[in-house]
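Spelled out from the first residue to the last, the chains are:
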Amino acid sequence: MIYTKTKLKDGAIVCGPVTAKSTYTRCAVCGKEIQMDLRELILAGAQDPYDTEVNCAECSAKMMHRGDINIDIVIRLTDVLRDIGYGMELHGLCEDFEVEDVRDLAPEEYELFVDELIDKISEVRHAG
Ligand SMILES: [Zn+2]
């Protein structure tokens, strides 16, 4: 058994077994106390299980959240891509979507358009 030994203010020594249920950490983002099974850290290949930042489920979920895509974002994204030389790909994709300009896309097409655009560019980049 691995256990922790803590000296209290009055000099008393408290020993506690280190188990999956007795190890805690605080969320690096919100500070909430979370139970942390050290085995998970070790399996995840943590460099230093004693000094690993962990996020609680809610904060992890928030970080995973992708914001909604709106037309301003589509325009900004396509402007940048055109600036760095992907005007052709952009034009081709507009043809696929049968629009003259990204501003003519229907809101329900934004996400698909962005997905396809990213796919197209990553194909071109890897082919090059
Ligand atoms: Zn948190």
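Residues numbered from 1 in each chain as written. Predicted model: local features only at pLDDT ≥ 70, side-chain atom pairs only at ≥ 80, totals over all residues.

**Regarding the environment of Lys 32**
1) Next: As for its placement among the helices and strands, Lys 32 is situated in the loop between β3 (24-26) and β4 (33-35).
2) Next: The class for Lys 32 is partly exposed, based on 13 C-beta atoms found within 10 Å.
3) Next: Along the backbone, Lys 32 and Leu 117 are 85 residues apart, and their C-alpha atoms lie at a distance of 39 Å. (Helix = DSSP H or I, 4+ residues; strand = E, 2+ residues; numbered from the N terminus. Buried ≥ 20, exposed ≤ 12 C-beta atoms within 10 Å, placed from the backbone.)

**Thoughts on the confidence of the model for the protein**
1) Next: Residues at a pLDDT of 70 or more form 99% of the protein, whose mean pLDDT is 90.
2) Next: No element of the protein has a lower mean pLDDT than helix α1 (residues 38-43), which averages 86, and none a higher one than helix α4 (residues 87-96), which averages 94. (pLDDT = per-residue confidence, 0-100.)

**Considering the nonpolar core**
Generally speaking, a soluble globular protein has its nonpolar side chains buried in company with each other.
1) Next: Listed in full, the six residues of the largest apolar core are Val 74, Leu 90, Leu 93, Val 102, Phe 113 and Leu 117.
2) Next: Of all the secondary-structure elements, those providing two or more residues to this core are α4 and α5 (110-127).
3) Next: If sequence neighbours within four positions are ignored, Leu 93 has contacts with Phe 113, Glu 116, Leu 117 and Lys 120. (Core = buried A, V, L, I, M, F, W, Y, C linked by C-beta atoms within 7 Å. Contact = placed C-beta atoms within 7 Å.)

**What about the pairing of strand β1 (residues 3-7)?**
1) Next: Burial within β1 is sparse, with just zero of its five residues counted as buried.
2) Next: The loop that links β1 with its antiparallel partner strand β2 (residues 13-17) comprises five residues; one of these, Gly 11, has a positive phi angle of about 90°. (Pairing = 2+ DSSP bridges.)

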